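Read off the chains here:
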Amino acid sequence: MKKFITILSILFATTAFSQVAIGKSSTTAGSAVSLEFYDAPDNAKGIVVPWVSTVADNPVAYNGTTGAGYRGIQGTIADGTIIFDLSDKKMKYRKAGVWFDLTGSPTFPLVIKNSSNQDVTITQFANIDSSLQDSKKEQENAKTAIGISGATNTTNGILVLTDTNKAMVLPKVASPHLNIQDPAPGMMVYDTVKKQLAVYNGTVWSFWKP
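This is a predicted model, so every value here is computed, not measured. (Residues numbered from 1 in each chain as written. Predicted model: local features only at pLDDT ≥ 70, side-chain atom pairs only at ≥ 80, totals over all residues. Heavy atoms only, no water.)

1. With respect to the pairing of strand β5 (residues 82-85)
Keep this limit in mind: By the convention used here, strands pair only if DSSP detects at least 2 bridges between them. Secondary structure elements follow DSSP: runs of H or I of four or more residues count as helices, runs of E of two or more count as strands, with numbering from the N terminus.
Relative to β5, strand β4 (residues 51-52) runs parallel, the two sharing two bridges. Within β5, the residue paired with valine 52 across the bridge is aspartate 85. As judged from the four bridges shared by β5 and strand β6 (residues 90-95), these two strands associate in the antiparallel manner. Residue isoleucine 83 lies in a different strand from β6, and its bridge partner there is lysine 92. Between the antiparallel neighbours β5 and β6 lie four residues, among them lysine 89 with a positive phi of about 55°.

2. Comments concerning the side chain of aspartate 163
Operational definition: Polar contacts, as used here, are pairs of N or O atoms within 3.5 Å; protein pairs need one atom able to donate a hydrogen and one able to accept it. Residues neighboring in sequence count only if both atoms are side-chain atoms. By definition, residues are in contact when any of their heavy atoms lie within 4.5 Å.
Along the chain, the position of aspartate 163 falls in the loop between β11 (159-161) and β12 (167-169). Reaching out from aspartate 163, the side chain makes a polar contact with the side chain of serine 34 at a distance of 3.3 Å. A distance of 3.1 Å separates a polar atom in the side chain of aspartate 163 from the backbone nitrogen of isoleucine 148. Residue contacts for aspartate 163: discarding those within four places in its chain leaves Ser18, Ser34, Ile146, Gly147 and Ile148.

3. Description of the packing of aromatic side chains
Our working definition: Aromatic pairs are defined between Phe, Tyr and Trp rings, using the six-membered ring for Trp, whenever the two ring centres lie within 6.5 Å; interplanar angles under 30 degrees are classed as stacked, those over 60 as edge-to-face, and all others as tilted. Relative accessibility thresholds used throughout: buried, under 20% of the residue-type maximum; exposed, over 50%; partly exposed, between the two (1.4 Å probe, protein chains only).
Counted according to the given criterion, the structure contains four aromatic pairs. Aromatic pair tyrosine 93 and tryptophan 208: ring centres 6.1 Å apart, planes at 70°, arrangement edge-to-face. With a gap of 115 residues between them, tyrosine 93 in strand β6 and tryptophan 208 in strand β16 (residues 205-208) connect regions that are remote in the sequence. Assessed through its relative accessible area of 18%, tyrosine 93 is described here as buried. Through successive ring pairs, a cluster of aromatic residues spans Tyr93, Phe100 and Trp208.

4. A word on the sheet that holds β12
Rule in force here: Only the contacting stretch of a helix is used when fitting its axis, a line to C-alpha atoms as for every element, and angles between N-to-C directions run 0 to 180 degrees.
The strand order β1-β2-β12 describes an open sheet built from three strands, whose pairing is parallel. Strands at the two margins of the open sheet, each flanked by one partner only, are β1 (20-22) and β12. Between one strand axis and the next, the sheet turns through 10° on average, direction left out of account. Two elements, β1 and strand β2 (residues 33-37), share three bridges in a ladder whose sense is parallel. The residue of β2 that forms the bridge with isoleucine 22 is phenylalanine 37.

This is a description of form; function is not addressed.
So this is what it looks like as structure tokens:
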């Protein structure tokens, strides 16, 4: 979970940059990139999206804790928002005012291959340690806005890319289900082998394409 803490450490203040590179010295020259991650062939790390609930108006108390951005998103939810939903352990994104599932619904028992190419049988979604949920509560005013209007942007989110002509490039990992040894729930990467978006829900990897 250190990867999650590292990502959140850059999000505790509102900042405005036109292009940002993480894990590398600069973004790809000449590219339309707002945010880009280390992408050498040996990369075995991804990003972890916020752990929240899709309950918009009434955050669920967790160990007596409530608050904006913890287990419920309060206020206007912008299209393009991506979350890991603790209520059903699924990665979701917001489109046209509706949440869409990126994870799918695996049928249990589920047989998958581990990093040693051995069959592993899973009978249910893995439980997420409650102490991890408590330790990942970000500051309620945490926000980083990257782009030309970053200093004035009011979009409800922890990490907001404000440019209309640039995009985020996900970490690129070859076969993340084999090469990321300790994935965190809510992890997202681009699989350079399958040429697909890969998301991890705490139990299995899902490979998604439009």
